[in-house]
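Geometric and topological summary
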Amino acid sequence: MSLLINDQCINCDVCEPECPNGAIAQGDEYYVINPALCTECVGHYDNQQCVEVCPVDCIIKDPQYPEDQDQLYQKFIKLTQKAS
């Protein structure tokens, strides 16, 4: 499942540089996550890096994009063109 930044985001700028896939960008009002690029850090890290650094816990699973671990890993392979 892709992650989603909700309206509790305070635009602190700490999540964007942590994303290994470049899925996080500044939106109109707060940061947004591109679901096509979000792998929840599967293939890169054991934990979701944006969630780890978020000071207000505004990053949640996006119910519009249900994906299991295998689907996230397949997305990682597609995005990076490698298997780890």
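These lines cover the structure that appears in this document, whether it is placed above or below. (Residues numbered from 1 in each chain as written. Predicted model: local features only at pLDDT ≥ 70, side-chain atom pairs only at ≥ 80, totals over all residues. Heavy atoms only, no water.)

1. Thoughts on the overall build of the chain
Tallying secondary structure elements over the chain gives two helices and four strands in all. Along the chain, helices (α) and strands (β) appear in the sequence β-β-β-α-β-α when read from the amino end. A principal-axis box enclosing the C-alpha atoms of the chain has dimensions of 35 × 25 × 20 Å. Each of the 84 residues in the chain was classed as buried or not, and the buried ones make up 32%. (Helix = DSSP H or I, 4+ residues; strand = E, 2+ residues; numbered from the N terminus. Buried < 20%, exposed > 50% of the residue type's maximum accessible area, 1.4 Å probe, protein only.)

2. Re unusual backbone geometry
Residue Asn11 is not a glycine yet carries a positive backbone phi of 55°. The topology assignment puts Asn11 in the loop between β1 (3-5) and β2 (24-26). Asn11 gets classed as partly exposed once you look at its relative accessible area, which sits at 27%.

3. As for the pattern of salt bridges
Per the counting criterion, the structure on display carries two salt bridges. The salt bridge involving Glu40 is made with Lys61; its shortest N-O contact spans 2.7 Å. Taken together, the positions of Glu40 in the loop between β3 (31-33) and α1 (49-53) and Lys61 in strand β4 (residues 59-61) put the pair 21 residues apart, joining distant regions of the chain. With relative accessibility at 44%, the residue Lys61 sits in the partly exposed group. Taking the shortest distance from any N to any O, the salt bridge between Glu67 and Lys75 comes out at 3.1 Å. (Salt bridge = Lys/Arg side-chain N within 4 Å of Asp/Glu carboxyl O.)

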